[in-house]
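# A look at the structure
Chain residues, written in single-letter form:
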Amino acid sequence: MNYHELPQPEDLSKKEKEDAMGAYMMMFAAVAVGLPLPIINLIAAVIYYFVNRNVSRFVHFHALQALISSIPLTLMNGVGLFWGIRILFSEDWHVSQVFYGYLGTLIILNISYYIMGILAAVKAYKGRMFYYWFFGQLSYHYVFQVRETDTMEKKSSVNRPPQL
Amino acid sequence: MKIVGLKQLLILAGVVVSLWLVFYFVSAQFPKENSVELISIEQEEKLGRLLVDDVLLKDPKTKILNNETLDSAMRIIQKRLLNNIGPTEYQYSIRVLESSEINAFTMPGGNIFVFSGLINQTESPEELAAVLAHEIGHAEKRHVVGRLVKELGITILFSVVTGGDAVLLPEISRTITSTVFDRQQEKEADDFALDLLSKSNINPKAMASFFRKIDAITGKMDNLSELIATHPNNNSRIKNALEYKPAKEFKEIAFDLNWARVKETISAENTMVTKEE
């Protein structure tokens, strides 16, 4: 499979770097609002992705990575929240070792996720790629792979440089 | 077709599952705050003695029913159940209280009380055995202490069992008789009772038949008894009892008791009502 060449820091404009960093910073801004409802982080990430994906492949990659990496964690946080509420308000649900295990896992995953978010934001601002485990590969594959439509665009391009 | 990132995805999933397992086992190492395990069986028995002797039996309204027929019947039922309970740390004491209420309750330390009103509603000794097995279940699963710890907190209970605050005893007694077990505890006690009935060669369906009767009475009675009020969702409990499959070697052995006669002695005018000192 062919992939587009990766942009290097010197090829990127300041705006691209800022937009790429913004994908991760968005998460921190949204977390303040979204803490009680984890889904708000996800909504923010989705909006950011659709607004910025056409800026450049570099920004597209970072926005996509920030978005898809937040999906499983948001779901897990949602399950944890639902679980906790059921324990508080339902007689049939009790705090158990399984719940404590889940809670501990959530705490570690969230902390790791925020640390990774800061690292990714800093790298993105410097115009560098930063790959999360799995989500990085997936985003790279989706954004940088050479598609048929890419070559068709080239073929159908009308404007060409003059022959000098 | 190669799936992008599959290897990393599997590793990530492995990390999440491992984290879960680590925290699962780590959480088991910490003694839980407000855990029943912090109150020993000896302390629970002491608390039970204090509650029964100093509060319940000293209450002028408390009347323990004693008559030869009833006592003998209770002994037979109790013996059958306790012989099959397996290893237990409690010295069970089962007594009948005179009251028209259809109720039974368990005090800490294996002290079980059945109201005469409940016995009057049973059609067979097996039905009473089912109720007793259920109450024994609450004791064995330590639900009573658990409820006290939840309602009053471990500190208050400690102060009582270590001999301090006797003034709190009436409050504890009230907590036991006025608060409810949750559904999971009721289910645990039911499951324990069904197993115990089966092991004791008593038909577990007796439990369903008694619940059904209680259900029928519920609508007609004004003084909705605690047994009903604290045992929500009777339908699922009846279903649970009916669907219970006893062990293959189960063989029903009916109690050789004249149950009508036992019930007569309860309602008879000449019942000796004494107050235990």
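Reading guide: rules and limits
- Residues numbered from 1 in each chain as written.
- Chains lettered and ligands numbered in written order.
- Predicted model: local features only at pLDDT ≥ 70, side-chain atom pairs only at ≥ 80, totals over all residues.
- Heavy atoms only, no water.
- Helix = DSSP H or I, 4+ residues; strand = E, 2+ residues; numbered from the N terminus.
- Areas by Shrake-Rupley, 256 points an atom, 1.4 Å probe, with all protein chains shown as cover.
- Axes fitted to C-alpha atoms, helices over the stretch in contact; angles between N-to-C directions.
- Parallel < 35°, antiparallel > 145°, perpendicular 65-115°, else oblique.
- Left-handed = near helix turned anticlockwise from the far one by under 90°.
- Contact = heavy atoms within 4.5 Å.
- Buried area = accessible area lost by both parts, 1.4 Å probe.
- Salt bridge = Lys/Arg side-chain N within 4 Å of Asp/Glu carboxyl O.
- Polar contact = N/O pair within 3.5 Å; in protein donor to acceptor, adjacent residues only side chain to side chain.
- Nonpolar A, V, L, I, M, F, W, Y, C, P; charged D, E, K, R; others polar.
- Buried < 20%, exposed > 50% of the residue type's maximum accessible area, 1.4 Å probe, protein only.
- Pairing = 2+ DSSP bridges.

## Here we look at the overall build of chain B
- Broken down by element type, chain B carries 13 helices and five strands.
- A total of about 14,300 Å² of accessible surface is found on chain B, and carbon and sulfur atoms cover 55% of it.

## Quick look at the environment of Y114(A)
- Here Y114(A) is to be found in helix α4 (residues 97-125).
- For the pair Y114(A) and Y24(A), spaced 90 residues apart in sequence, the C-alpha to C-alpha distance is 9.1 Å.

## Here we look at the packing of helix α3 (residues 68-83) of chain B against helix α13 (residues 259-267) of chain B
Residue and element names in this part refer to chain B.
- Running from N to C, α3 and α13 point in directions that differ by 130°, and their axes come no closer than 9 Å. Taken together, the axes of α3 and α13 lie oblique to each other. Crossing of α3 against α13: the hand is left-handed. Residues T69, L70, A73 and I77 of α3 form the contact with α13, whose participating residues are W259, R261, V262, T265 and I266.

## Overview of the interface of chain A and chain B
- Counting residues at the interface gives 21 residues for chain A and 17 residues for chain B.
- Regarding the contact of chain A and chain B, the summed buried area is about 2,000 Å², with carbon and sulfur atoms giving 70% of it.
- The tally of links from chain A across to chain B stands at zero salt bridges.
- Taken together, the connections running from chain A to chain B amount to five residue pairs in polar contact (both at pLDDT 80 or more).
- Here the element with the most residues in the side of chain A that touches chain B is α4(A); it accounts for nine residues.
- Within the side of chain A that touches chain B, the residues separate by chemical class into 12 nonpolar, seven polar and two charged.

## With respect to unusual backbone geometry
Residue and element names in this part refer to chain B.
- With a phi close to 60°, R142 is a non-glycine residue in the positive phi region.
- A relative accessible area of 15% places R142 in the buried class.
- Unlike most non-glycine residues, N201 shows phi in positive territory, near 60°.
- Looking at where N201 falls in the secondary structure, it is placed in the loop between α9 (183-199) and α10 (205-218).

## Regarding the pairing of strand β2 (residues 93-97) of chain B
All names here are of chain B.
- A large share of β2 lies buried, amounting to five of its five residues.
- Of the two faces of β2, the one carrying S93, R95 and L97 and the one carrying I94 and V96 are both buried.
- Two strands pair when backbone bridges link them, and β2 and strand β4 (residues 111-115) are joined in this way by five bridges, in the parallel orientation. Paired with S93 across the two strands is N111, which belongs to β4.

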